[in-house]
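Observations on chain architecture
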Amino acid sequence: IEVVGNVIIKPASMDIVPGPAISGYTLNDGDILHSTPDSKIQFRLIGNGNQITMSGLSELRIDCNNRSCELKLNYGKIFTEVPGSMQNKFTLITNTSEIILDKNELWITRSIAGKDEVFTIRGPATIIHAGSVEKHIEMGEMLSINSEGETATNKIVEKMLPPYIF
C-alpha cells in the first residue's frame, strides 16, 4: 500500500491493535481503513492487479475470499481501476447500492447522509440498488442514488471530479 497523511487500519483480528497504515503493509480480509480529510491510501489487490485509491474522510472494509471480493464503503471517496474482466465477483457495496467492478474505472462517493454517486471514467458500470433494480451507465455518465433509492443519471462535467481524475 501507499499512504499519504493519516490513515488508520482497524484489523479484523482482535489480537492486533488498530494503528496507522504504512507503505508496504499487507491488508487482510475484514480490515477496515479509515482516512482523514487530508489523507489518501492506494492499494492493489493481490492476484488481479485491481487498484483502489481512497481519499478524504472515508471508511472502507475489505471482505475478500477465493470466490469474491467486496469493498464496503461506509462513507467517503474511492477511485477503482479494474483493468480486466474478473473471474471472481468483485463489487463495491454501500448501504443502498452494489456496484459491479469489472473492466472499468469508477469514481464513487458516499455521503454520511446516504447519497451515492458513481462516475464512469472508463468502461460501463452496472449498479444494483433498492434490492434488485439494476442500472447501467456508460463511460462519461454518473448515477446519483439518494438514501430513499431515487436515481438520476447525468453526463459528467469537469467540476464534478477531482482534477487528478478528470
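Refer to the structure printed above.
In this report, the structure presented in the accompanying data block is examined. (Residues numbered from 1 in each chain as written. Predicted model: local features only at pLDDT ≥ 70, side-chain atom pairs only at ≥ 80, totals over all residues. Heavy atoms only, no water.)

1. Quick look at the state of the cysteines
- Counted under the stated rule, the structure contains one disulfide.
- For C64, the disulfide goes to C69, at an S-S distance of 1.9 Å.
- With a relative accessible area of 9%, C69 lands in the buried category. (Disulfide = S-S within 2.5 Å. Buried < 20%, exposed > 50% of the residue type's maximum accessible area, 1.4 Å probe, protein only.)

2. Focus: the side chain of E59
- Secondary-structure assignment places E59 in strand β6 (residues 51-64).
- Residue classification places E59 among the buried positions, given a relative accessible area of 14%.
- Polar contacts involving the side chain of E59 include one to the side chain of N74, which spans 2.7 Å.
- Here E59 is in contact with K10, I32, L33, H34, M54, K72, L73, N74 and Y75, once residues within four sequence places are set aside. (Helix = DSSP H or I, 4+ residues; strand = E, 2+ residues; numbered from the N terminus. Polar contact = N/O pair within 3.5 Å; in protein donor to acceptor, adjacent residues only side chain to side chain. Contact = heavy atoms within 4.5 Å.)

3. Considering the pairing of strand β12 (residues 125-129)
- Summarising burial for β12: four of the five residues are buried, a large majority.
- Pairing analysis gives four bridges linking strand β9 (residues 97-100) to β12, with the strands arranged antiparallel. Across the sheet, the residue bridging to I99 is I127, located in β12.
- Of the strand pairs in this sheet, β12 and strand β13 (residues 133-137) are connected by five bridges, and their pairing is antiparallel. Pairing of I127 across the sheet is with K135, part of β13. (Pairing = 2+ DSSP bridges.)

4. Topic: the environment of I78
- Within the fold, I78 resides in strand β7 (residues 68-82).
- Residue classification places I78 among the buried positions, given a relative accessible area of 0%.
- Once the C-alpha coordinates of I78 and Y25 are considered, the two residues, 53 residues apart in sequence, prove to be 19 Å apart.
- Residues contacting I78, with those up to four places away along its chain left out, are I52, T53, M54, L60, L71, L73, L92, L106, W107 and I108.

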